[in-house]
Amino acid sequence: QEKRRQGPLAEINAARAALVQERSSLERQYQAIQSQSAEMETLKPEIDGLNRELANSQAQLEQRAELDGELQTARQRQAEARAENPRLKAEMEELKERINRLVTVEGAACPLCGQPLNPADRERLIDELNQQGKDMGDRYRANQNLLREADEIVRGLEEQIRKLSKAETERLATTEKISRLSARLEAGGKMLQD
């Protein structure tokens, strides 16, 4: 009887060992699923945070593009003022010379037609030339002020752009992190489905 019992007992022991091994394997899978589930719960908020960082980086890039446009405009105005001032200065010198000639010369001739000028016409012409010179001087001084302001604006814009220049690098790094974490989240979801 003992010998007959040994056969079924060996089968029972073998089945028990297989069940113990399967139970151990299922417990490991359960632990892995629990771990994966916990990781998925932490990944979602992390991805949300990274998406906010990405939106912030994108906003900084848009701001940098606007600042680049403002910088180009400021530099253009700066260049125009720098180009105009030497011309204005030369024209003012020429006007000053014409005024001095008209003041010192009696019986001066009209610069347009060559006819002699009477004293009243000469005074009127001198006043007109003085007004033109004043207008040019005002324009020259306005350009000088514009140059000083433009220099400050350009420096300020360049500094802001320099601070925002790292936004592109941050955007790329954040996008890469989001891709990596999304892939892990997706893999975890598939594992939980299986």
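Residues numbered from 1 in each chain as written. Predicted model: local features only at pLDDT ≥ 70, side-chain atom pairs only at ≥ 80, totals over all residues. Heavy atoms only, no water.

J.: Please clarify how the packing of helix 1 (residues 2–104) against helix 2 (residues 119–164) should be interpreted in this entry.
T.: Each pair of packed helices can be described by the angle between their axes along with the distance between the axes. The N-to-C vectors of helix 1 and helix 2 enclose an angle of 155°; their axes lie 7 Å apart at closest approach. In this view, helix 1 runs roughly antiparallel relative to helix 2, as classed from their interaxial angle. Note on packing geometry: the crossing formed by helix 1 with helix 2 is left-handed. (Axes fitted to C-alpha atoms, helices over the stretch in contact; angles between N-to-C directions. Helix = DSSP H or I, 4+ residues; strand = E, 2+ residues; numbered from the N terminus. Parallel < 35°, antiparallel > 145°, perpendicular 65-115°, else oblique. Left-handed = near helix turned anticlockwise from the far one by under 90°.)

J.: Explanation requested: the side chain of Ser57 in the structure shown.
T.: Tracing the chain through its elements places Ser57 in helix 1. If we ignore the near neighbours within four places in the chain, the residues touching Ser57 are Ala167, Glu170 and Arg171. (Contact = heavy atoms within 4.5 Å.)

J.: Can you walk me through the side chain of Glu84 in this structure?
T.: Tracing the chain through its elements places Glu84 in helix 1. Separated by 3.1 Å, the side chains of Glu84 and Arg87 make a polar contact. (Polar contact = N/O pair within 3.5 Å; in protein donor to acceptor, adjacent residues only side chain to side chain.)

J.: Sorry, what's going on with the nonpolar core here?
T.: Across soluble globular proteins, you tend to see nonpolar side chains buried next to one another. One finds Leu88, Leu95, Ile99, Leu102, Leu125, Ile126, Leu129 and Met136 forming the largest nonpolar core, which totals eight residues. Looking at this core, the elements with two or more residues in it are helix 1 and helix 2. Those residues in contact with Leu129 that sit more than four places away from it in its chain are Leu95, Arg98, Ile99 and Leu102. (Core = buried A, V, L, I, M, F, W, Y, C linked by side-chain atoms within 4.5 Å. Buried < 20%, exposed > 50% of the residue type's maximum accessible area, 1.4 Å probe, protein only.)

J.: Is there a simple way to explain the environment of Lys177 in this structure?
T.: With respect to the helices and strands, the residue Lys177 is situated in helix 3 (residues 167–193). The exposure class of Lys177 is partly exposed, given its relative accessible area of 39%. Spatially, the C-alpha atoms of Lys177 and Lys3 are 66 Å apart, while their sequence positions differ by 174 residues.

J.: Could you clarify how one ought to interpret the pattern of salt bridges in this entry?
T.: A side chain with one charge can pair with a side chain of the opposite charge if their charged atoms come near. Applying the stated criterion across every chain yields a total of 12 salt bridges. When the shortest N-O distance is used, the salt bridge between Glu84 and Arg139 registers 2.9 Å. Of this pair, Glu84 sits in helix 1 while Arg139 is found in helix 2, placing the two residues 55 residues apart along the sequence. A salt bridge links Arg162 to Glu159; its shortest N-O distance comes to 2.8 Å. With Arg162 and Glu159 both in helix 2 and three residues apart, the pair spans about one turn of that helix. Looking at Arg162, the relative accessible area reads 52%, which means it is exposed. Residues participating in the shared-partner salt-bridge network are Glu84, Arg87, Glu91 and Arg139. (Salt bridge = Lys/Arg side-chain N within 4 Å of Asp/Glu carboxyl O.)

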